[in-house]
Amino acid sequence: MLQTTEHALLRRVAVEQAESRAPSVTAGVVRDGGLAWFGARGKVDGLAPSADTQYRIGSITKTFVAVLVMRLRDEGRLDLNDPLDKHVPGTSFGEVTIAQLLAHTAGLTSESPGAWWERAPGADWRSLEQSLAENALRHRSGARFHYTNVGYGVLGELVARVRGCSWLEALEAEILRPLEMTRTTPMPQAPAAPGWAVHPFADVLLPEPTPDAVAMAPAGQLWSTPNDLARWTRLIAGDSGGVLHPDTVAEMREPAHIDDADEWTAGYGLGLQVLRVGGRRLAGHGGSMPGFLAMVLADERTGTGAFVTANSTSGVAVSTVALDLINIIEQHEPALPAEWSPMADHDPALLALTGLWHWGPTPYVLKLLPDRWLNLAPVTGRGRQSRFRPAGPDRWTGLDGYYAGETLELHRDAEGAPSHFDLATFIFTREPYGTPDAIPGGVDEKGWRSGIS
């Protein structure tokens, strides 16, 4: 990386640390499958923090829990539409679905009843469940977004019930070891930054407690390092290392809720916060616990990501800094596009299907992608388009937009030649309104005509 780029990145972190009066701040930029830059300001135990210094990452913990749940879904152990009661019976809110809990649309109370869980010793699942016996739902399930730490405590218990071990044991076996994230732990392990509150009117500090949250731990327990967060940022961008299928990561990044429907800029997917800023679509999560702030963000298109950690209760704009770091590196050293190269292999029969097809009078172009995938899009570039993944002989499943999850099926004539495509009842033919027998409602027997009489 150019020295000018590194200086611009470090200056952004230095300004934030100084102006926010943070005891210490660490940050990194991820690109090309690794940690491209790391910077730190301030001190931890008298020394500059390193890429191996732990910070508490708060609600970024939720993204790990969400990945554990999505792994169970991908294995067929549960369905996201399952009611909670199917896997964790007996709660007072058993009708809410797993998907609603992941996306914070279950209507569940935001915080556990009793003392503020982030500063108080935690209790076990039975105690948490009993505390939620009455008035656990604040909104009709599915009606609106309502961020709920409790919901992720519940999801941690769900993972434990289905896996037959604690969520932390599942996390270690299924995520941390495979990704070699050896310094992500439920409690701090030296070197680790202490959590501080900074006095609003004087440059003095107050230590913050870091108790074990127990049943609420899935909402914000974990500690991690810049090195480990770099690997996690890569996963959010799509480099899942086999822990999840990349399509599942993409599914998690799709907004299940948006805050401003006209020109949305912020929303929430399945365990991931999603943003649209300056033409970029970003995914990640923030974290806040007494004494700590953290953020991870990744650009799904370029794979560039950034993370920020600070050991201060408030005042550090970690989300803004992470976004600024991505913008700085993209402005100073924009990523080069991947080199074009021809397909390693192709099916001549699929190649013969490419080219113009028509939905009624509207021309579409069908392109062949690697691995027998197809892309169908209007010639004008405006309108519904999607990629399609093979789902069997002459069948593909849509992956994007309006056609996500829908089936594209190729029909053949009596001689076996391609006749038309059926896409969720929309018929695509080689000629406008061609193959009349396949067109719903038929085609006027006089055909196309000139003039209007």
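Structure: see above.
Just so you know, these numbers come straight off a predicted model, no measurement behind them.

Undergrad: Any chance you could explain the overall build of the chain here in plain terms?
TA: When helices and strands are counted, the chain shows 10 helices and 20 strands. Counting only C-alpha atoms, the chain reaches 85 × 60 × 45 Å along its principal axes. Counting the 453 residues in the chain, one finds 47% classified as buried. With an accessible surface of roughly 21400 Å², the chain has 52% of that area assigned to carbon and sulfur atoms. Between the averaged position of the 39 positive side-chain charges in the chain and that of its 54 negative side-chain charges there is a distance of 2 Å.

Undergrad: How should I be thinking about helix 5 (residues 149–163) in this particular structure?
TA: With 15 residues, helix 5 extends 22 Å from end C-alpha to end C-alpha; this agrees with the ideal 21 Å at 1.5 Å per step. Taking burial as the measure, the 15 residues of helix 5 include 13 buried ones, the bulk of the element. Of the residues flanking the start of helix 5, the one acting as N-cap is Thr 148, its side-chain oxygen 3.3 Å from the backbone nitrogen of Val 150. One or two steps after helix 5, the chain reaches Gly 164, where phi turns positive at roughly 80°.

Undergrad: Could you clarify how one ought to interpret the sheet that holds strand 8 (residues 266–268) in this entry?
TA: Within a sheet, adjacent strands bond to each other through the backbone by hydrogen bonds, running parallel or antiparallel. Read from one edge to the other, the open sheet built from eight strands follows the order 2-1-12-11-10-9-8-7, with strand pairing classed as antiparallel. Edge positions in the sheet fall to strand 2 (34–42) and strand 7 (257–258), since each has one partner strand and no second. Against the sheet, helix 1 (residues 3–19) contacts strand 1 (24–31) and strand 2, and its axis sits at roughly 35° relative to strand 2.

Undergrad: Is there a simple way to think about unusual backbone geometry in this case?
TA: If a residue is not glycine, its phi is most likely negative; likewise, a peptide bond is most likely trans. Residue Pro 191 follows Ala 190 across a cis peptide bond; omega there is -5°. Relative to the helices and strands, Pro 191 resides in the loop between helix 6 (167–176) and strand 4 (196–198). With a phi close to 55°, Asp 45 is a non-glycine residue in the positive phi region. Its place among the elements puts Asp 45 in the loop between strand 2 and strand 3 (55–56). Judged by its relative accessible area of 66%, Asp 45 falls in the exposed class. In this structure, Glu 180 is a non-glycine residue whose phi angle is positive, near 55°.

Undergrad: Before we go on, may I ask you to explain the side chain of Arg 280 in this structure?
TA: By secondary structure assignment, the location of Arg 280 is in strand 10 (residues 280–289). At a separation of 3.3 Å, a polar atom in the side chain of Arg 280 contacts the side chain of Asp 299. At a separation of 3.0 Å, a polar atom in the side chain of Arg 280 contacts the side chain of Asn 327. With residues up to four places along the chain from it excluded, the contact list for Arg 280 reads Leu 275, Asp 299, Arg 301, Ile 326, Asn 327 and Glu 330.

Undergrad: Can you help me understand the pattern of salt bridges in this one?
TA: Oppositely charged side chains can pair when the atoms bearing their charge come close. Tallied over the entire structure, the rule returns 27 salt bridges. Of the charged contacts in the structure, one is a salt bridge between Arg 163 and Glu 75, with a shortest N-O distance of 2.7 Å. In this pair, Arg 163 is assigned in helix 5 and Glu 75 in the loop between helix 2 (61–74) and helix 3 (98–103), connecting sequence segments 88 residues apart. Given the relative accessible area of 40%, Glu 75 is considered partly exposed. Here Asp 400 and Arg 387 are joined by a salt bridge, their closest N and O atoms 2.9 Å apart. Here Asp 400, found in the loop between strand 17 (395–398) and strand 18 (407–412), pairs with Arg 387, found in strand 16 (residues 386–392); they are 13 residues apart in sequence, far enough to count as distant.

Undergrad: How should I be thinking about the sheet that holds strand 20 (residues 426–429) in this particular structure?
TA: What the eight strands build is a closed barrel, ordered 13-14-15-16-17-18-19-20; its pairing is antiparallel. Each strand axis lies, on average, 30° off the axis of its neighbour in the sheet, ignoring direction. Judged from the five bridges that link them, strand 13 (residues 355–359) and strand 14 (residues 362–368) form a sheet pairing that is antiparallel. From the neighbouring strand, Leu 356 faces strand 14, where its bridge partner is Val 365.

Undergrad: What exactly am I supposed to notice about the packing of aromatic side chains here?
TA: Each aromatic ring pair is described using two quantities: the centre-to-centre distance and the angle formed by the ring planes. Inspection of every chain in the model, using the stated rule, returns 13 aromatic pairs. Taken together, a centroid distance of 6.5 Å and an interplanar angle of 40° make the contact between Phe 388 and Tyr 403 tilted. With Phe 388 in strand 16 and Tyr 403 in the loop between strand 17 and strand 18, this pair connects stretches of sequence that are 15 residues apart. Of the residues examined, Phe 388 reaches a relative accessible area of 0% and is grouped as buried.

Undergrad: Looking at this structure, how should I read the side chain of His 285?
TA: Its location among the elements puts His 285 in strand 10. Polar contacts involving the side chain of His 285 include one to the main-chain carbonyl oxygen of Ser 59, which spans 3.5 Å. Beyond its immediate chain neighbours, meaning those up to four positions away, His 285 contacts Ser 59, Ile 60, Lys 62, Thr 63, Tyr 147, Tyr 268, Gly 271, Leu 272, Gln 273, Ala 294, Met 295 and Val 296.

Undergrad: Looking at this structure, how should I read the nonpolar core?
TA: As a rule of thumb, soluble globular proteins bury nonpolar side chains together. Residues Phe 64, Leu 80, Leu 102, Leu 155, Ile 175 and Trp 232 are the most contacted members of the largest nonpolar core, which totals 70 residues. Sort the elements by how many residues they give to this core and helix 2 lands first, with eight residues. With residues up to four places along the chain from it excluded, the contact list for Leu 80 reads Val 69, Met 70, Arg 73, Thr 97, Ile 98, Ala 99, Leu 102, Glu 251 and Leu 270. The next biggest cluster of nonpolar side chains, apart from the first, holds 24 residues, and it includes Ala 22, Val 25, Val 29 and Val 308.

Undergrad: In this structure, what is going on with the pairing of strand 10? I would like to understand it.
TA: Residues in a regular strand point their side chains to alternate faces of the sheet. Counting buried positions over the 10 residues of strand 10 gives eight, a clear majority of the element. Two successive antiparallel strands, strand 9 (residues 273–277) and strand 10, enclose a turn made up of two residues, where Gly 278 displays a positive phi of approximately 55°. In terms of strand pairing, strand 10 meets strand 11 (residues 292–299) through eight bridges, oriented antiparallel. What sits directly across from Gly 287, in strand 11, is Ala 294. Taking the residues that link successive antiparallel strands as the turn, the strand 10-strand 11 hairpin has two residues, and the phi of Gly 291 there is positive, at about 95°.

Conventions adopted
Residues numbered from 1 in each chain as written. Predicted model: local features only at pLDDT ≥ 70, side-chain atom pairs only at ≥ 80, totals over all residues. Heavy atoms only, no water. Helix = DSSP H or I, 4+ residues; strand = E, 2+ residues; numbered from the N terminus. Buried < 20%, exposed > 50% of the residue type's maximum accessible area, 1.4 Å probe, protein only. Areas by Shrake-Rupley, 256 points an atom, 1.4 Å probe, with all protein chains shown as cover. Lys, Arg positive; Asp, Glu negative; His and termini not counted. Charge placed at Lys NZ, Arg CZ, Asp CG, Glu CD. Expected span 1.5 Å × (residues − 1). Polar contact = N/O pair within 3.5 Å; in protein donor to acceptor, adjacent residues only side chain to side chain. Pairing = 2+ DSSP bridges. Contact = heavy atoms within 4.5 Å. Axes fitted to C-alpha atoms, helices over the stretch in contact; angles between N-to-C directions. Salt bridge = Lys/Arg side-chain N within 4 Å of Asp/Glu carboxyl O. Phe/Tyr/Trp six-rings, centres within 6.5 Å; stacked < 30°, edge-to-face > 60°. Core = buried A, V, L, I, M, F, W, Y, C linked by side-chain atoms within 4.5 Å.

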